[in-house]
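Residues per chain, in single letters:
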Amino acid sequence: MKRIAVVEDHSDVQFMYRILFRKSPDIEIEAIFDTAEEALESIPRLQPDLIVVDISLPGMSGIELTRILRKNYPDLKILIATGHDPEAYYTEAMDAGANGFIQKGNGKEIRHQVESLVA
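Parameters and conventions
Residues numbered from 1 in each chain as written. Predicted model: local features only at pLDDT ≥ 70, side-chain atom pairs only at ≥ 80, totals over all residues. Heavy atoms only, no water. Salt bridge = Lys/Arg side-chain N within 4 Å of Asp/Glu carboxyl O. Helix = DSSP H or I, 4+ residues; strand = E, 2+ residues; numbered from the N terminus. Buried < 20%, exposed > 50% of the residue type's maximum accessible area, 1.4 Å probe, protein only. Phe/Tyr/Trp six-rings, centres within 6.5 Å; stacked < 30°, edge-to-face > 60°.

### A look at the pattern of salt bridges
And step 1. This model, assessed by the stated rule, comprises 6 salt bridges.
And step 2. One salt bridge connects Lys 104 with Glu 8, and the closest N-O pair in it is separated by 2.7 Å. A residue pair is termed long-range when its members are at least 10 positions apart, and Lys 104 in the loop between β5 (100–103) and α5 (107–118) and Glu 8 in the loop between β1 (2–7) and α1 (11–21) qualify at 96 residues. Take Lys 104 and Glu 8: they sit in the same class, and that class is buried.
And step 3. Ionic contacts of the salt-bridge type, sharing partners, join the residues Glu 8, Asp 54 and Lys 104 into one network.

Put into structure tokens, the structure is as follows:
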């Protein structure tokens, strides 16, 4: 079983992630965090296989969180998700160390990306 964490500040999107993976035999959502700071506090204890990070978060951005995670956890898979224009953030997200980048809204594609990254 692969364990993932999600950093997302919108409750409706958090709900979507729960629905996407609730019946998955191979993937379990271990935690959902509202802020990057909450995630940084808990990641050392949880040690997920993958973390899905929203770009726009209150406080520290998802890009900055990705930089910190990449530096401190080089083996952690990081998938950046955004509701914004993906072309505006793709290069910055990948330069920060993300393993993948996806636009929110397409649950099937998000699930596929997660499954591919933790396979």
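### Section: the packing of aromatic side chains
And step 1. This structure, assessed with the given rule, holds 1 aromatic pair.
And step 2. Aromatic pair Tyr 90 and Phe 101: ring centres 5.5 Å apart, planes at 85°, arrangement edge-to-face. Pair noted here: Tyr 90 is in helix α4 (residues 86–96) and Phe 101 is in strand β5, with a separation of 11 residues, a long-range link.
And step 3. Since its relative accessible area comes to 43%, Tyr 90 is described here as partly exposed.

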